[in-house]
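Each chain is listed here by its residues.
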Amino acid sequence: MTTDLESRIRRLEDSVLIGERVIKYAMGVDRRDWEMFADCFTDPVHVDFSASGVPAAEFARDDLVTLVRVPLSGFTATQHLSPNHVIEFDEHDPDRAVCYSYIYAQHYLEDSYDGDFFAFRGFYTNHIRRTLDGWRIESLIQHAGWSEGNRNALAEAAARSRPR
């Protein structure tokens, strides 16, 4: 019974840690805390943002931070919510799991010609691996649901964030 109880408690603890890692991804973006954001990922990390126009590729962690930081830093404010986590552990490797999570991303771009607001919804498939530093996202796949508002907001925000 003890061994079974210990493994069940560890699974619960791992689930909480994995969920927190996925939430910190969103928090890091909104706080513009790029160290927190970077700490969510392995190095390198596979990222598939093809739903947003960025083809799937392997990225060095620092390159991923730049890829996300440049456009998002130009927004007046953002709010990325990451609810409804479903975590599936690999039956053959206790150090791997997949966390499915929803995306509710709101972007505010004050004084934009095409409108101040852009929202994107969908879900992520986060492949997670336990490392010496804890659980980290090793592969992130974004699945588009729908969007509304200023569809040019991302390009305009990126232009605003680049030094002149």
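Residues numbered from 1 in each chain as written. Predicted model: local features only at pLDDT ≥ 70, side-chain atom pairs only at ≥ 80, totals over all residues. Heavy atoms only, no water.

Colleague: Requested: an account of the overall build of the protein, with residues and values cited.
Modeller: Counting secondary structure elements, the protein contains 4 helices and 7 strands. Going residue by residue from the N terminus, the α and β elements of the protein occur as α-α-β-β-α-β-β-β-β-β-α. What you see for the protein is a C-alpha radius of gyration of 17 Å, in line with the 15 Å of a compact globule of 164 residues. Projected onto the principal axes, the alpha-carbon positions of the protein cover approximately 65 × 25 × 25 Å. Here the contacts in the protein between residues at least 6 apart in sequence split such that 58% fall between residues at least 24 apart. Taken as a whole, the protein presents about 9400 Å² of accessible surface, with 53% of it coming from carbon and sulfur. Computing the positive centroid from 18 side-chain charges and the negative centroid from 27, the protein places the two 2 Å apart. (Helix = DSSP H or I, 4+ residues; strand = E, 2+ residues; numbered from the N terminus. Rg over C-alpha atoms; globule rule 2.2 N^0.38 Å. Contact = heavy atoms within 4.5 Å. Areas by Shrake-Rupley, 256 points an atom, 1.4 Å probe, with all protein chains shown as cover. Lys, Arg positive; Asp, Glu negative; His and termini not counted. Charge placed at Lys NZ, Arg CZ, Asp CG, Glu CD.)

Colleague: Give me the pattern of salt bridges: which residues, what numbers.
Modeller: Tallied over the entire structure, the rule returns 11 salt bridges. Here Arg21 ties to Asp39 by a salt bridge, and the two come within 3.5 Å at their closest N and O atoms. Linking Arg21 in helix 1 (residues 2-31) with Asp39 in the loop between helix 2 (34-38) and strand 1 (41-49), this pair joins segments that are 18 residues apart in sequence. We classify Arg21 as buried; its relative accessible area is 13%. Looking at Asp39, the relative accessible area reads 37%, which means it is partly exposed. The closest approach of N and O atoms between Arg129 and Glu138, which form a salt bridge, is 2.9 Å. Taken together, the salt bridges that share partners define one network made up of Arg10, Asp14, Asp95 and Arg130. (Salt bridge = Lys/Arg side-chain N within 4 Å of Asp/Glu carboxyl O. Buried < 20%, exposed > 50% of the residue type's maximum accessible area, 1.4 Å probe, protein only.)

Colleague: Could you give an account of the packing of helix 3 (residues 61-73) against helix 4 (residues 153-161), naming the residues involved and the relevant values?
Modeller: Contact geometry for helix 3 and helix 4: axes closest at 6 Å, N-to-C directions at 95 degrees. One element, helix 3, and the other, helix 4, form an angle in the roughly perpendicular class. In this structure, helix 3 uses Val70, Pro71, Leu72 and Ser73 to contact helix 4, whose residues at the interface are Leu154, Ala157, Ala158 and Ser161. Class assignment for the residues of the contact of helix 3 with helix 4 results in 6 nonpolar, 2 polar and no charged. (Axes fitted to C-alpha atoms, helices over the stretch in contact; angles between N-to-C directions. Parallel < 35°, antiparallel > 145°, perpendicular 65-115°, else oblique. Nonpolar A, V, L, I, M, F, W, Y, C, P; charged D, E, K, R; others polar.)

Colleague: Tell me about a nonpolar patch on the surface, and name the residues and values.
Modeller: On the surface, Val86, Tyr100, Tyr102 and Phe123 cluster together to form a nonpolar patch covering roughly 360 Å² of accessible area. Looking at where Phe123 falls in the secondary structure, it is placed in strand 6 (residues 117-131). (Patch = residues over 30% accessible without salt bridge, like charges linked within 9 Å, V, L, I, M, F, W, Y side chains within 5 Å.)

Colleague: An account of the nonpolar core is requested, with residue identities and associated values reported.
Modeller: Grouped together as the largest cluster of nonpolar side chains are 34 residues, with contacts concentrated most on Tyr25, Phe37, Phe41, Phe49, Leu64 and Val68. Put simply, the parts of the chain that give this core at least two residues each are helix 1, helix 2, strand 1, helix 3, strand 5 (96-108), strand 6, strand 7 (134-149) and helix 4. The biggest single contributor to this core is helix 1, with 5 residues. Once you skip the residues sitting within four places of it in the chain, Leu64 turns out to touch Phe37, Phe41, Val45, Val47, Phe49 and Phe59. (Core = buried A, V, L, I, M, F, W, Y, C linked by side-chain atoms within 4.5 Å.)

Colleague: Break down the side chain of Thr42 for me, citing the residues and quoting the values.
Modeller: Tracing the chain through its elements places Thr42 in strand 1. Note on Thr42: relative accessible area 5%, which makes it buried. A polar contact of 2.7 Å, which involves the side chain of Thr42, links it to the backbone oxygen of Pro44. If sequence neighbours within four positions are ignored, Thr42 has contacts with Arg61, Arg129, Thr131, Arg136, Ile137 and Glu138. (Polar contact = N/O pair within 3.5 Å; in protein donor to acceptor, adjacent residues only side chain to side chain.)

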